[in-house]
Amino acid sequence: MDTIIFETQQELDAYAAGLIADTVNRKPNAVLGLATGSTPIGIYDKIVELYNQQKVSFRGVTTFNLDEYVGLSPDDEQSYAYYMNRHLFSHIDIPQDQTHLPDGTADNLEAECRRYDDMLAASPVDIQLLGLGHNGHIGFNEPGTALTGGTHAVELKPETREANARFFASMDDVPDKAVTMGVGSILKADTIVLAVRGSDKANIVKEALTGPITTSVPASLLQTHARVIVLLDREAGRMLK
Ligand code: F6R
């Protein structure tokens, strides 16, 4: 694991965007694994900046997002599909049909998860961007006694719903289920970039990176991967070393 601690958020965002742009410039048909939440917004802004400066093109790129809420359609402003269009896809030259998120409105979620896994198997992820939940979740793989390998539907933990309530009008509007790529699928990516910021994540960063590998901290499984780049701001990295 390579860990880099940045003085400012802007530096972290620019570095992460650079890693993704470099991957695409080296391999124009690269497959990107993408995340939502507040952490990647600045990274996506920087990617759009690089695109506008004609430093990278996404015409040949395929993307897979980690997760989507169950019950929210892509035109729902709280859906992750909407988020991705708003923060990234609508600003770059990626063809819409090369962008993929699990369909949280599928009648048969089980079949939808298999469909997603089949697509991932056919297009392995070159670089996977991840954020980190306060409870150690990656994607929506919540802490527990077991972790699921492939894409699956999950019940969100109360703490995760509370953390995400800031994006919704009220707590009642926060979905209680999501579809997420499993930890097994995440670990298949060639390179993983874990971006974390903020003092409130300092404890879980330390646990995930230096604590025991355990299903009660799903991000600790990243310690088993050969190419993980951890990007932290000063606050998130303050408990390390
Ligand atoms: C989002 C996702 C989540 C978030 C995590 C951190 O697609 O998979 O695991 O990365 O909840 O969220 P933020 O960045 O909002 O703190």
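In this text the structure is predicted, and so the values were computed from the model without any measurement. Just so you know, the residues in each chain are numbered from 1, in the order the chain's sequence is written. Owing to the predicted nature of the model, reporting of local features is limited to residues with pLDDT of at least 70; listing and counting of side-chain atom pairs is limited to 80 or more, with chain, interface and lining totals taken over all residues.

**Details of the sheet that holds strand β3 (residues 62–65)**
Inference 1: Reading across the sheet, the seven strands line up as β1-β10-β9-β6-β2-β3-β5 and stay open at both edges, with parallel pairing between neighbours. Strands at the two margins of the open sheet, each flanked by one partner only, are β1 (2–6) and β5 (99–100).
Inference 2: Of the pairings in the sheet, the one linking β3 to β5 comprises two bridges and is parallel in character. Looking at the pairing, Phe64 lines up with His100 of β5. Here a strand pair is declared whenever DSSP counts at least two bridges between the two strands. A run of DSSP states H or I qualifies as a helix once it reaches four residues; a run of E qualifies as a strand once it reaches two. Both are numbered from the N-terminal end.

**Topic: the UniProt feature "domain: Glucosamine/galactosamine-6-phosphate isomerase" (unreviewed entry) in the protein**
Inference 1: UniProt positions are given in the numbering used here, feature names are shortened, and annotations may be inferred rather than shown by experiment. The UniProt entry lists residues 9–228 under the feature "domain: Glucosamine/galactosamine-6-phosphate isomerase" (unreviewed entry), expressed in the numbering used here.
Inference 2: Note that residues 9–228 is 34% helix and 15% strand, and that its end C-alpha atoms are spaced 19 Å apart.

**Examining the nonpolar core**
Inference 1: Ranked by size, the top nonpolar core spans 66 residues in total, and within it Leu132, Val193, Leu194 and Ala195 carry the most contacts.
Inference 2: Remark: residues whose backbone-derived C-beta atoms lie within 7 Å of one another are considered to be in contact. Every residue in contact with Val193, bar those within four places of it in the chain, is listed here: Ala16, Leu19, Ile127, Gln128, Leu129, Leu130, Ile229 and Leu231. Connectivity within a nonpolar core runs through C-beta atoms within 7 Å, and the core itself is a set of buried Ala, Val, Leu, Ile, Met, Phe, Trp, Tyr and Cys residues. To assign burial, the other C-beta atoms lying within 10 Å of each residue's own C-beta are counted, with C-beta atoms placed from the backbone; 20 or more indicates buried, 12 or fewer indicates exposed, and intermediate counts indicate partly exposed.

**Some details on the site of the ligand**
Inference 1: Surveying the vicinity of the ligand reveals 14 residues, the closest of which are Thr36, Gly37, Ser38, Thr39 and Gly131.
Inference 2: Gly is placed with the polar residues, together with every amino acid not listed as nonpolar (Ala, Val, Leu, Ile, Met, Phe, Trp, Tyr, Cys and Pro) or charged (Asp, Glu, Lys and Arg). Of the residues contributing to the shell around the ligand, the split by class is five nonpolar, eight polar and one charged. Each residue gets a C-beta atom placed from its backbone. If that atom is within 6 Å of a molecule or strand, the residue is near it.

**Notes on the pairing of β3**
The side chains of a regular strand alternate between the sheet's two faces.
Inference 1: Burial along β3 is two-sided: the face carrying Thr62 and Phe64 and the face carrying Thr63 and Asn65 are both buried.
Inference 2: With four bridges joining them, strand β2 (residues 31–34) and β3 adopt parallel strand pairing. Each residue of the ladder has a partner; that of Val31, found in β3, is Thr62.
Inference 3: Traced from β2 through helix α2 (residues 39–52) to β3, the parallel crossover comes out right-handed. Throughout, right-handed denotes a crossover for which the path from the first strand over the helix to the second runs clockwise when the strands point away from the viewer.

**Observations regarding the UniProt feature "active site" (unreviewed entry) in the protein**
Inference 1: The positions that UniProt labels "active site" (unreviewed entry) are, in the present scheme, Asp67, Asn135, His137 and Glu142.
Inference 2: Here Asn135 lies in the loop between β6 (127–130) and β7 (152–155).
Inference 3: Since 16 C-beta atoms lie within 10 Å of it, Asn135 is described here as partly exposed.
Inference 4: Setting aside residues no more than four positions away along its own chain, Asn135 makes contact with Glu142, Pro143, Lys157, Glu159 and Thr160.
Inference 5: Mapping His137 onto the fold places it in the loop between β6 and β7.
Inference 6: Using a count of 26 C-beta atoms within 10 Å as the deciding quantity, one classes His137 as buried.
Inference 7: With residues near it in sequence (within four places) discarded, His137 still touches Glu142, Pro143, Thr160 and Pro218.

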